[in-house]
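Remarks on the overall topology
Each chain, letter by letter, is given below.
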Amino acid sequence: MDRRRSATIALILGAVAIAAGIAISYAIHWFPASASSQAKNTDRLYHVLVIASVPIFVLVTGVILYCIWQFRMRPGEEGKDGPPIHGNTRLEVFWTALPTALLLGLVGYSFVVLHENEKKPAREIQVGVTAQQFTWTYQYPSSVTGGAPLNSYQLYVPQGESVEFNLRSKDVIHAFWVPAFRIQEDVVPGITTHWRATPDRIGTYPVVCNLLCGVGHSLMRSEVHVVPESKFKEWLASQKGASGATASAPGASG
Ligand SMILES: [Cu+2]
């Protein structure tokens, strides 16, 4: 087989492998439901990273497989050594410059996505999140309830409205994670950390503590209910007069 023909076959095989890799990354749903505008950005970033990574994976794996086959030791070559090679400047410049440009591009794009996800919008409601071994409670200030502050075991948020979650811990370090929103933040005793999301899909999604915080860590789960604005107002009204967090059962949060 002449060299041109081998190169053509290698290129076709490479293109097929790249197409298959990218197709699989789209065909399989790796992630839970996407329920916030931040989740859309994060998922797009993931797809860009996969599309950039698959051709490199195919190239590196292809070169390795080719070399294993082409330069394998044949019978009678046991005592032989490879030819002495003192580098290849053009190749070295190429394999330094290309990954550098690619990495800078991807880092730049990641930064843009992160910046976009954390940007403070003009309108935003505040919700307090308190972590305690092994349960979550949520605080709605007067600015949200329009009356007395509310403390609840339930988390309701209105669809389409940016929410800043102010995270506090009563004991050890926890992590507030809503997989459907694609954001997670540590909850650290002594300080208040912040976490922002704009829920954009009606539904009920898991809230998970994602930092080993003690024996009940695996039970430290809760739910976030994304509801239309009117339902949110209704829920707030229904909670009025209820005496704090004792108003509703903590459920499985133990
Ligand atoms: Cu925890």
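Residues numbered from 1 in each chain as written. Predicted model: local features only at pLDDT ≥ 70, side-chain atom pairs only at ≥ 80, totals over all residues. Heavy atoms only, no water.

**Considerations on the sheet that holds strand 8 (residues 193–197)**
Applicable threshold: Only when DSSP finds a minimum of two bridges between them are two strands counted as paired. Secondary structure elements follow DSSP: runs of H or I no shorter than four residues count as helices, runs of E no shorter than two count as strands, and numbering proceeds from the N terminus. To obtain each axis, a line is fitted to C-alpha atoms, and for helices this fit is confined to the stretch in contact; angles are then taken between N-to-C directions over 0 to 180 degrees.
Read from one edge of the open sheet, five strands run 3-2-1-5-8, paired in mixed fashion. Edge positions in the sheet fall to strand 3 (150–152) and strand 8, since each of these pairs with one other strand and no more. Recorded for the sheet is a direction-independent mean angle of 25° between the axes of neighbouring strands. Inspection of the sheet shows strand 5 (residues 163–169) paired to strand 8 by five bridges, in the antiparallel sense.

**Some points on the side chain of Arg-196**
Selection criterion: As used in this structure description, the phrase polar contact means that two N or O atoms lie within 3.5 Å; if the pair is within protein, one of them must be able to donate a hydrogen and the other to accept it, and residues adjacent in sequence are counted only when both atoms belong to side chains. By definition in these notes, contact holds between two residues if any of their heavy atoms fall within 4.5 Å.
Tracing the chain through its elements places Arg-196 in strand 8. There is a polar contact of 2.7 Å between the side chain of Arg-196 and the backbone oxygen of Glu-118. A distance of 2.4 Å separates a polar atom in the side chain of Arg-196 from a polar atom in the side chain of Glu-124. Ignoring any residue separated from it by four or fewer positions in sequence, one finds Arg-196 in contact with Gln-38, Asn-117, Glu-118, Lys-119, Lys-120, Pro-121, Glu-124, Ser-162, Val-163, Glu-164 and Ile-183.

**Considering the packing of helix 2 (residues 37–70) against helix 3 (residues 89–118)**
Stated precisely, the cut-off is as follows: Should an angle fall under 35 degrees it is taken as roughly parallel, and over 145 as roughly antiparallel, whereas 65 to 115 is taken as roughly perpendicular and any remaining angle as oblique. Each residue receives one of three labels: charged for Asp, Glu, Lys and Arg, nonpolar for Ala, Val, Leu, Ile, Met, Phe, Trp, Tyr, Cys and Pro, and polar for the others, Gly being one of them.
Closest axis-to-axis distance for the helix 2/helix 3 pair is 9 Å, and the angle between their directions is 170°. As judged from the angle between their axes, helix 2 and helix 3 are roughly antiparallel. Between helix 2 and helix 3, the residues in contact are Gln-38, Asn-41, Thr-42, Arg-44, Leu-45, Val-48, Leu-49, Ala-52 and Ile-56 and Leu-102, Leu-106, Tyr-109, Ser-110, Val-113, Glu-116 and Asn-117, respectively. Residues belonging to the contact of helix 2 with helix 3 are distributed by class as follows: nine nonpolar, five polar and two charged.

**Here we look at the coordination of the copper ion**
The test is simple: In this listing, donors mean N, O and S atoms no farther than 2.8 Å from the metal, or 3.2 Å for Na, K and Ca; water is missing from the atoms, so a site can look incomplete. Angular criteria define each label, namely tetrahedral for four donors with all angles between 85 and 135 degrees, square planar for four and octahedral for six donors with opposite donors over 155 degrees apart and remaining angles between 65 and 115, and irregular for whatever fails these tests.
His-174 (ND1), Cys-209 (SG), Cys-213 (SG) and Met-220 (SD) make up the full set of protein donors to the copper ion, lying at 2.0 to 2.5 Å. One way to put it: the four donor atoms around the copper ion meet at angles of 91 to 123°, and that makes the site tetrahedral.

**Structural notes on the packing of aromatic side chains**
Our working rule: Any pair of Phe, Tyr and Trp rings, taking the six-membered ring for Trp, is counted once the centres come within 6.5 Å. Such a pair is stacked with planes under 30 degrees apart, edge-to-face with planes over 60 apart, and tilted for the rest. Here's how the labels work: a residue is buried when its accessible area is under 20% of the maximum for its type, exposed when over 50%, partly exposed in between, all with a 1.4 Å probe on protein chains only.
The full count for this structure, using the stated rule, is 10 aromatic pairs. Between Tyr-66 and Phe-71, the ring centres sit 6.3 Å apart and the planes meet at 90°, which makes this aromatic pair edge-to-face. By relative accessible area, Phe-71 is classed as exposed at 61%. Measuring from ring centre to ring centre gives 6.2 Å for Phe-181 and Trp-195, while their planes differ by 40°; the resulting arrangement is tilted.

**Quick look at the nonpolar core**
The nonpolar side chains of a soluble globular protein tend to be buried with one another. Under the convention used in this document: As used in this record, nonpolar core signifies buried Ala, Val, Leu, Ile, Met, Phe, Trp, Tyr and Cys residues forming a set joined through side-chain atoms within 4.5 Å.
Counting residues in each nonpolar core, the largest one holds 36 residues, and the members touching the most others are Trp-136, Tyr-140, Leu-155, Phe-165 and Phe-176. The element that contributes the greatest number of residues to this core is strand 1 (residues 125–132), accounting for four residues.

**Quick word on helix 5 (residues 229–239)**
How we decide: Each direction from the helix axis to a C-beta atom contributes to the arc, which is the arc of those directions.
Among all positions of helix 5, only Phe-232, Trp-235, Leu-236 and Gln-239 are buried. Along the long axis of helix 5, the arc covered by the buried residues comes to 100°, so they all point the same way. Contact partners of the buried residues in helix 5: strand 1, strand 2 (135–140), helix 4 (142–145), strand 3, strand 4 (155–158) and strand 10 (221–227).

**Side note on the domain arrangement of the protein**
The test is simple: Residue ranges for the domains trace back to a domain assignment, done automatically or taken from a database. Summed over both partners, the accessible surface that disappears when two parts come together, traced with a 1.4 Å probe, is what is meant by buried area. For this analysis, a salt bridge means a side-chain nitrogen from Lys or Arg found within 4 Å of a carboxyl oxygen belonging to Asp or Glu.
For the protein, the domain assignment lists domain 1 (3–71 + 90–118) and domain 2 (125–253). The distance between the C-alpha centroids of domain 1 and domain 2 comes to 37 Å. Taken together, the contact between domain 1 and domain 2 spans 14 residues of the former and 12 residues of the latter. When the buried area of domain 1 at its contact with domain 2 is split by residue, Ala-33, Ala-35 and Gln-38 rank highest and sum to 43% of it. Where domain 1 meets domain 2, there are two salt bridges. Asp-43 is paired through a salt bridge with Arg-182; the nearest N and O atoms lie 2.8 Å apart. Between the two partners, domain 1 and domain 2, sit 11 residue pairs in polar contact (both at pLDDT 80 or more).

**Points about a nonpolar patch on the surface**
Just so we agree on the cut-off: Nonpolar side chains (Val, Leu, Ile, Met, Phe, Trp, Tyr) are joined into patches within 5 Å and like charges within 9 Å, using only residues with over 30% relative accessible area and no salt bridge. Surface exposure here means Shrake-Rupley accessible area, sampled with a 1.4 Å probe, where a residue is shielded only by the protein chains that are shown.
On the surface, a cluster of nonpolar side chains totalling about 730 Å² of accessible area is made up of Ile-56, Leu-59, Val-60, Val-63, Ile-64, Leu-65, Ile-68 and Leu-102. Turning to its location among the elements, Ile-68 is positioned in helix 2. Exposure remark for Ile-68: the relative accessible area of 55% places this residue in the exposed category.

**Considering the pattern of salt bridges**
Side-chain pairs of opposite charge can arise where the charged atoms are in close proximity. All told, the structure shown has eight salt bridges when counted by the stated rule. Between Lys-40 and Asp-200 there is a salt bridge, with its nearest N and O atoms 3.3 Å apart. With Lys-40 in helix 2 and Asp-200 in the loop between strand 8 and strand 9 (203–209), this pair connects stretches of sequence that are 160 residues apart. Given a relative accessible area of 36%, Lys-40 falls into the partly exposed group. In this structure, Lys-233 and Glu-229 form a salt bridge, with 3.2 Å as the shortest nitrogen-oxygen distance. Taken together, the residues span about one helical turn, with Lys-233 and Glu-229 both in helix 5 at a distance of four residues. Judged by its relative accessible area of 31%, Glu-229 is partly exposed. Through salt bridges with shared partners, a single network forms among Lys-120, Glu-124, Glu-164 and Arg-196.

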